[in-house]
Amino acid sequence: MTTTTDIAIVEAEAPERRRGWLDVVLDFCRRRPLGAIGAAIVVLMILVALTAPMIAPYDPLAIDFAAMLAPPGADHWLGTDAYGRDVLSRIIYGSQTALIVGFGAAFVGSTAGAVLGVGSAYFGGRVDLIVQRFMDIFISFPLIILALAMVAILGNTLPNLIIAMTAPMVPRCALVIRSSALSVREMPYVDAARAAGFSHARIILRHMLPNVMAPYLIMLTSFLGQAILLEASLSFLGLGVQEPTAAWGLMLRGAAVEFAETAPWMALFPGLAISLAVFAFNLFGDSLRDALDPKLRTG
Amino acid sequence: MNDRVSSGALLDVRDLRTEFTTGGGVVRAVDGVSWDVRAGETVALVGESGCGKSVSALSIMGLVARPAGRVAGGQILFKGRDLLELPEDDMRRIRGREIAMVFQEPMTSLNPVLTVGRQITEACEIHLGHTEAQARARAIEVLRLVGIPDAERRLRQYPHQFSGGMRQRLMIAIALSCSPDLILADEPTTALDVTIQAQILDLMKELSRSFGAATLIITHNLGVVARYADRVNVMYAGRIVERGTAREIYANPRHPYTLGLLRSVPRLDEPKRERLDPIQGQPPDLTRLPRGCAFAPRCAFAIERCRAEAPPLQSVGGSHLSACWVAQDLPQRSALSPQPSGDGEEIPSSRAQRGISR
Amino acid sequence: MTLAAADDVILEVRDLVKHFPVGGGGLFGGPPAVVKAVDGVSFAIRRGETLGLVGESGCGKTTTGRCILLLERPTSGQVIFEGRDLTTLSPAEIRIVRRKIQVIFQDPYSSLNPRMTVGQMLDEPMAVHGIVPERKARRERVRELLAVVGLLPSMVGRYPHELSGGQRQRVGIARALATEPSLIICDEPVSALDVSIQAQIVNLLENLQEQFRLTYLFVAHDLSVVRHISDRVAVMYLGKMAELTDRAALYAEPLHPYTQALLSAVPIPDPDVEARRQRTVLGGEVPSALNPPPGCVFHPRCPIAIDACKGAVPDCREVRAGHRVACIRA
């Protein structure tokens, strides 16, 4: 009997595609410069948050009435606030809060939403119906109202804040992911996985979830921005992080409003920090989405 | 190209080159191709996906997607005018009016939110300047022609209320509504069931005869071509590799690719073979074509020259052309077909060929 | 209902019915409409043979395959695989049986997970089912599988989009082989491929069948390919079995008028033969499975229908040894 091996052996050259992580990083920078800029800012932000005690010129909580409302200058690069606290130091420490709360809430929220959305699409039928109606109820509340209610019930500790901000994100993410997952559900490779006798969890997590990566990353990055803003809003409304903790949203509040005209740096610089962080995460997220798509990776 | 009767050709494509710029480099989807269609005849472009047959049709219609794609050279003479030189306004008048197109997917080529009647009358009103009543009368007439019963009621319906075969009839009705001189049919029956395919092909053949319209049929299905076409152009990797009348091509293929295609398909009218005789290897990567003949890497008859120099399309007897250095030395198709005794026995020649190809 | 000697039957489908409810049941009540995708189909496959299942789109051939794979729950009927009725098994038992029944899909583009490499795709089923528990041995086995389907070992790290259609279909076949199945449902495995590749895949399937003693249910609409690969052929029309017999008998002497029309509609790549052929071109189209005609479902298009055909649903009866036809006029 002739075996088939002689028939079809295909073009011989098959480049070894073992690459070190450095190559991957360099490749990413070359192909997606914008994404690399975003990534650089994100990395910078993480570094700043980690090394805050070392790089901050002042104690963020130290009150110095002698230097109240000092404009940006040699002593205080970004000026001081109404209590004479150094704005730069507070922004540096504030990045910790922003990352923990923002990243934490966005990651937990969109991941839980994605699993729920994919699961809902995979099982379909009654499960899908119940999950969807439940989500509809949650979605009918505006983001901030739901978060407010959650904080009011749970109390405003940091973990509770994250949970409160996660709650309104989950159903939104689940809804978006579900619609993508519904088309993935119809793909023959999901049938193939079922026919191979794989468990539901394996099919959902390993076969379907990676294929909704694009909407997932879009949701994640947009939530990151929203979460930082939401944290700021909650702080602004007095329900988020409490004084005197350094938090960007908190810095926009109270005295910053009062002295907006005489001491604009109090609001300007934390505002810039928020915008920059949100912008960087969005840039990075978009490029990450493309970079993680095997179809675009080598194309 | 000595076979061209320059005066008789309705459509005369000369040295057409269409390119696409992709991430992997420039793809010459159509690479210097010349062919023609005479008034009233049916010509086929046959080949596999990526051979450039559909891009040829899009080039003629001026519908090559920009900016990635562009017609890089050549002429497309339609009734003596070069379509590539025409301004877009004039081109729009020719599209639909003088050259109509029938697409592969009857499901997606019709607009789901417009009534069927509107989709037919629209063209008549634009191109022929019909009044609404005239256009309606024309629509009913063409629906009857393509065998859609109860035309007046059907005009008010939407595409989803039609089955696949009926939708393809609709597409043909739309194409015919302005009495075009040339119909481009891109895989018109591929999406249809066998029994429906037969109906549609018979319909198209009959209509093109009664309307006197020439047809260019683009397909990968050799059976469809045999039943339907007067002349056949076989394409591979952006070039025409063989041309002739249907009879010449099928009875006496003079290019190894055509020969391979014909031999690889099991036929109902021949005894069952032990194994099929496939063409070896994979379809070509258009961004990395070999220097010589594009088919050489898969060809069982390739000689040194094939890898160095691309063969021109030249006559192998009258109007029968082949782009192959060894065209005259190829075995006959019948010699390779299993003869009645062949049931259950592998054909020796096929084994020999398998040995040759690595 | 025994169609073959019980000992060598690997799969028997008995009175398989699959109805899909559509719409209805909503605000205004009313019974939901039902698409009778498969409506009482019975057949058996012997170990080591290839049963071709042909018919036009919407005839229920794909749904039949999916019911055997338990990708769809049959509405009623039995699917008896190696002596056990799959429709009565628990989900845990089903997962074990699935190893033995595998599937090859039509579209090589959508049947491979775009986020997994070829190696991961072949490795996973072996790991999950504990067929090759050891990681290193599995890697070796993946390379073996690739070689078996005619691919180079260097393909393990590739993603599906880096492969051509034919190569992808080979990966799909290798994946099906990974769990060492005894029955493979081939759902139109070549119809999405280029003509020059189709023959390669058909030959590969035949060689694998010999090599591993596989049984195939070959679902297809291309009658020429089905004739080439099948030992017996079943023809379906609108959810029902029209004819089932040996390959030779079916193609030489089709008894059902639908089979005859189907065969005569297949174009033959030869203008001379085409010109000489007597063809029965069927009028009309396949009716909707939502509202199939009463009596014999084929009677509205049938060239030889008589009044009796409108009344009674014909049994798929055995008219000769091993030749079943659902036509009262056969």
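Analysis parameters
Residues numbered from 1 in each chain as written. Chains lettered and ligands numbered in written order. Predicted model: local features only at pLDDT ≥ 70, side-chain atom pairs only at ≥ 80, totals over all residues. Heavy atoms only, no water. Helix = DSSP H or I, 4+ residues; strand = E, 2+ residues; numbered from the N terminus. Buried < 20%, exposed > 50% of the residue type's maximum accessible area, 1.4 Å probe, protein only. Contact = heavy atoms within 4.5 Å. Areas by Shrake-Rupley, 256 points an atom, 1.4 Å probe, with all protein chains shown as cover. Lys, Arg positive; Asp, Glu negative; His and termini not counted. Charge placed at Lys NZ, Arg CZ, Asp CG, Glu CD. Core = buried A, V, L, I, M, F, W, Y, C linked by side-chain atoms within 4.5 Å. Domains from an automatic or database assignment. pLDDT = per-residue confidence, 0-100. Salt bridge = Lys/Arg side-chain N within 4 Å of Asp/Glu carboxyl O.

A. A look at the overall build of chain C. In terms of regular secondary structure, chain C is built from 11 helices and 12 strands. Summarising its shape, the C-alpha atoms of chain C cover approximately 70 × 55 × 45 Å along the three principal directions. Out of the 330 residues in chain C, the part that is buried amounts to 60%. When contacts within chain C are restricted to residue pairs at least 6 apart in sequence, those whose partners lie at least 24 apart make up 64%. Of the roughly 12400 Å² that chain C leaves accessible, carbon and sulfur atoms contribute 51%. Positive and negative charge centroids in chain C, built from 38 and 36 side chains respectively, lie 4 Å apart.

B. Just the nonpolar core, in detail. All names here are of chain C. The biggest cluster of nonpolar side chains holds 69 residues, and the ones touching the most others in it are Ile173 and Leu177. When residues in this core are grouped by element, the largest group, 7 residues, is from helix H6 (residues 195-212). Residue-level mapping places this core at the junction of two domains, with at least three residues from each of domain 1 (6-100 + 181-325) and domain 2 (117-180). What Leu177 contacts, discounting residues up to four positions off in sequence, is Arg141, Leu145, Val148, Val149, Ile184, Leu208, Phe212 and Leu214.

C. Region of the structure containing the confidence of the model for chain C. Put simply, chain C has an average pLDDT of 89, and 95% of its residues get 70 or more. Of the regions scoring below 50 in pLDDT, residues 1-5 of chain C engages in 8 contacts with residues more than four places distant in sequence or in other chains.

D. Focus on the pattern of salt bridges. Summed over all chains, the structure comprises 54 salt bridges over all chains. Its salt-bridge partner being Asp128(A), residue Arg178(A) comes within 2.8 Å of it at the nearest N-O pair. Of this pair, Arg178(A) sits in helix H8 (residues 158-185) while Asp128(A) sits in helix H6 (residues 125-139), placing them 50 residues apart in sequence. Among the residues examined, Arg178(A) registers a relative accessible area of 18% and is labelled buried. Put simply, Asp191(A), Arg194(A), Arg66(C) and Glu72(C) are held in one network by salt bridges that share partners.

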